[in-house]
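Chain by chain, the residues run as shown.
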Amino acid sequence: YPADLLDQKLSGEVVVDAQITEEGKAGGIWLVSAVPDIFGNLATASIRQWQFEPIPVKIRIVLEFKP
């Protein structure tokens, strides 16, 4: 959670669709919604670093940000 947003006590929600590869990486990420918008970039950048089960599938991820 970014410190500047924490100071503002800003909460939000992001919905992302991700295509998971056979290597367990997010091969494609599609931002469905982000409220407020700033959380969209933070969430997609974070998901790119995640490791998933190595099953090729498209999933929906819902992230809630609460200070």
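These figures come from a predicted structure and were not determined experimentally.

Enquirer: Explanation requested: the overall build of the chain in the structure shown.
Expert: A count of helical and extended segments in the chain gives 2 helices and 3 strands. Ordering the α and β elements of the chain from the N terminus gives α-β-β-α-β. By principal-axis analysis of the C-alpha atoms, the chain measures approximately 40 × 20 × 15 Å. Looking at the chain residue by residue over its 67 residues, the buried ones come to 33%. Restricting the contact set of the chain to residue pairs at least 6 apart, pairs at least 24 apart contribute 63%. As displayed, the chain has an accessible area near 4,500 Å², and 53% of this comes from carbon and sulfur atoms. Each charge class in the chain can be summarised by its mean position, and for the 6 positive and 9 negative side chains these summaries are 1 Å apart.

Enquirer: When you look at the sheet that holds strand S2 (residues 26-35) in this model, what are you seeing that I'm missing?
Expert: With antiparallel pairing, 3 strands are arranged side by side in an open sheet as S2-S1-S3. Two strands lie at the open edges of the sheet, namely S2 and strand S3 (57-65), each paired on one side alone. With strand direction ignored, the average angle separating the axes of adjacent strands in the sheet is 20 degrees. With 8 bridges joining them, strand S1 (residues 12-20) and S2 adopt antiparallel strand pairing. Looking at S2, one finds that isoleucine 20 is bridged to alanine 26.

Enquirer: Got a minute to help me understand the confidence of the model for the chain in this structure?
Expert: A low pLDDT means the predicted coordinates there should not be read in detail. Across the chain, the average pLDDT comes to 92, with 100% of residues at 70 or higher. Per-element mean pLDDT across the chain ranges from 78 in helix H1 (residues 3-7) up to 97 in S1.

Enquirer: I tried to follow the nonpolar core on my own but got confused; where do I start?
Expert: If you look at soluble globular proteins, the nonpolar side chains tend to sit buried side by side. In terms of nonpolar packing, the biggest core is built from 15 residues, with Val14, Ile47, Phe52, Ile61, Leu63 and Phe65 touching the most fellow members. A total of 4 residues in this core trace back to one element, the largest contributor, which is S1. Excluding anything up to four places from it in sequence, leucine 63 contacts Gly12, Glu13, Val14, Ala43, Ile47 and Trp50.

Enquirer: How do you make sense of the pattern of salt bridges when you look at a structure like this?
Expert: Where charged atoms of side chains with opposite charge meet at close range, the side chains can pair. For the structure on display, the rule yields 2 salt bridges. Measuring nitrogen to oxygen at the nearest pair gives 2.7 Å for the salt bridge that ties aspartate 17 to arginine 60. In this pair, aspartate 17 is assigned in strand S1 and arginine 60 in strand S3, connecting sequence segments 43 residues apart. Arginine 60 gets classed as exposed once you look at its relative accessible area, which sits at 53%. Across the pair glutamate 64 and lysine 66 runs a salt bridge whose closest N-O atoms are separated by 3.4 Å. Residue classification places lysine 66 among the exposed positions, given a relative accessible area of 61%.

Criteria and thresholds
Residues numbered from 1 in each chain as written. Predicted model: local features only at pLDDT ≥ 70, side-chain atom pairs only at ≥ 80, totals over all residues. Heavy atoms only, no water. Helix = DSSP H or I, 4+ residues; strand = E, 2+ residues; numbered from the N terminus. Buried < 20%, exposed > 50% of the residue type's maximum accessible area, 1.4 Å probe, protein only. Contact = heavy atoms within 4.5 Å. Areas by Shrake-Rupley, 256 points an atom, 1.4 Å probe, with all protein chains shown as cover. Lys, Arg positive; Asp, Glu negative; His and termini not counted. Charge placed at Lys NZ, Arg CZ, Asp CG, Glu CD. Pairing = 2+ DSSP bridges. Axes fitted to C-alpha atoms, helices over the stretch in contact; angles between N-to-C directions. pLDDT = per-residue confidence, 0-100. Core = buried A, V, L, I, M, F, W, Y, C linked by side-chain atoms within 4.5 Å. Salt bridge = Lys/Arg side-chain N within 4 Å of Asp/Glu carboxyl O.

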